[in-house]
Structure formats: structure tokens, C-alpha cells
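Residue-level listing of the chains:
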Amino acid sequence: MIVALTITRFRGLTIPFAFMGMAVLRLPLWLNKKCKFWKLMGSGKDASVDLPPDYKHWAILTTWDERKDYNDFYRNSLVMKWFIFFGIESFTILLNPLASHGLWSKEQPFKVDNINQTSSGKIAVITRAAIKFNRLKEFRQNIKRAANAMRIAPGFILSAGMGENPFFDQATFSIWEDAESVKNYAYKTFDHADVIKLTRAREWYKEELFARFSIVDSWGTLNGVSAEL
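To keep things clear, this report deals only with the structure shown in the data block. (Residues numbered from 1 in each chain as written. Predicted model: local features only at pLDDT ≥ 70, side-chain atom pairs only at ≥ 80, totals over all residues. Heavy atoms only, no water.)

### Thoughts on the packing of aromatic side chains
Each aromatic ring pair is summarised here by two numbers: the centre-to-centre distance and the angle between the ring planes. Counted according to the given criterion, the structure contains 16 aromatic pairs. On the numbers, 6.2 Å between centres and 45° between planes, the contact of Tyr 70 with Phe 73 is tilted. One end of the pair is Tyr 70 and the other is Phe 73, both in helix α3 (residues 67-76) and 3 residues apart, which spans about a single turn. We note that Tyr 70, like Phe 73, is buried. Here Phe 156 and Trp 176 contribute two aromatic rings whose centre-to-centre distance is 5.5 Å and whose plane-to-plane angle is 75°, an arrangement assigned as edge-to-face. With Phe 156 in strand β6 (residues 156-165) and Trp 176 in strand β7 (residues 169-176), this pair connects stretches of sequence that are 20 residues apart. You can call Trp 176 buried: its relative accessible area is 1%. Put simply, the rings of Trp 64, Tyr 70, Phe 73, Tyr 74 and Trp 219 touch in pairs and so form one group of aromatic residues. Over the ring of Trp 30 we find Lys 33, and its NZ or CZ is 5.0 Å from the ring centre. (Phe/Tyr/Trp six-rings, centres within 6.5 Å; stacked < 30°, edge-to-face > 60°. Helix = DSSP H or I, 4+ residues; strand = E, 2+ residues; numbered from the N terminus. Buried < 20%, exposed > 50% of the residue type's maximum accessible area, 1.4 Å probe, protein only. Lys NZ or Arg CZ within 6 Å of the ring centre and 35° of its normal.)

Written as C-alpha cells, this is what we have:
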């Protein structure tokens, strides 16, 4: 399986077309039978892990059985042409799932090849949660410290915040030097470990997912930082 994530920064004057794209582009994605799963998403401020929405940065996540299917989509689809035409900066990364637990919109989107579940190189992580309305305030009060701890954690490279709608459906994409760096942040960083405990004790989420990936390819820039990893 190939998992593709593109984050594009739209020109200021074309932001209305970004909003329009979130509606118009659903149809060609739905009609593309080779695309196994897709999400059109907004992002946090400056595409970072931040709760206030950023109306310039928008993201598309897709999954494919084969690289050639994605290549055809990237070159020829209305979806990608829309993102490229209206965007002034774009970051794309292709991933291979190593492990995935949980659901996204009641689906398990990332098919893991049981033969190849390890990687000695850089690791990408996607975490996603649908937050309960009556737990939103608690979530907002606590998640910032986990995000701040991530940015200074050993082995951290970059991160981006995304979501299907502001505040309630939150996804975080991050890249790390290796699997050990991810493990140390998740279980040995006090702020993150404490937030995880609160998540379980207070039942913040009605749905959640955690997935790790090896990196297949990448190109473009995100906030001026090269995607060549």
C-alpha cells in the first residue's frame, strides 16, 4: 500500500477556491475506485500542531494499492491540478504502513504488510482523534503541552496538524529520526505520557487511530523546509 499526504499553502486571494475545493473535489475522489481511502482536510496555524485553523494550508490524504495508481492520480487528476494551480507551496510524502491501530471514520485505512513491519530509517507517524463535544475544553487545555514537548523531543524532525473540521477531528503528522525516538517521546516524555493517561481516564475521544510508516519518497517544501528526507 502507498499512503500519500500533500499539504499545500494557497495564495491569499485564492483561499475561497480552497474552501470550494473541499466540496467540489469530493466527487472525483469518490469516483476514483483505485483510491481506497481519502480525506480532504484543513490545518492548524501555519500547518503546525495548533488548534486555531489556518485558512491558507490545506491537506489531502489518499491510499493506494500500487505506486503507479498514485502517480497517475498525481499527474492527471483534477484534485491534484486544483491544489497545484492555486498553491504557492506544496509538500508531498509517500508512506508505507508499518503498524496501525484504531479507526478513522469507522474504517481501518492503512493496510499493513505483515511481512515487512520494521524500518531502520526515518519514521512517520499519524495520530488522529474524534473528540467528544463534552471533552473539548479539557482536550484544548492539555494538548498544547504535548505538542510543545514533541517539538523539542530528541529525534523530532517536523510535524503538521490537520483536521476534517476545526477542533473536533484532529490529526497530527510527524516525522522522526527513527522508531526509538517515537517510542521515547510517546512513553518517556512526561507531558505526552500524562496527556495519554488523561485521554484514557477521561475518555476524551469517541474514535482514535495511531499509525507508523516508513518513508518511500518526498518532495516540495513545508513552511520553507525541504521535504527531501
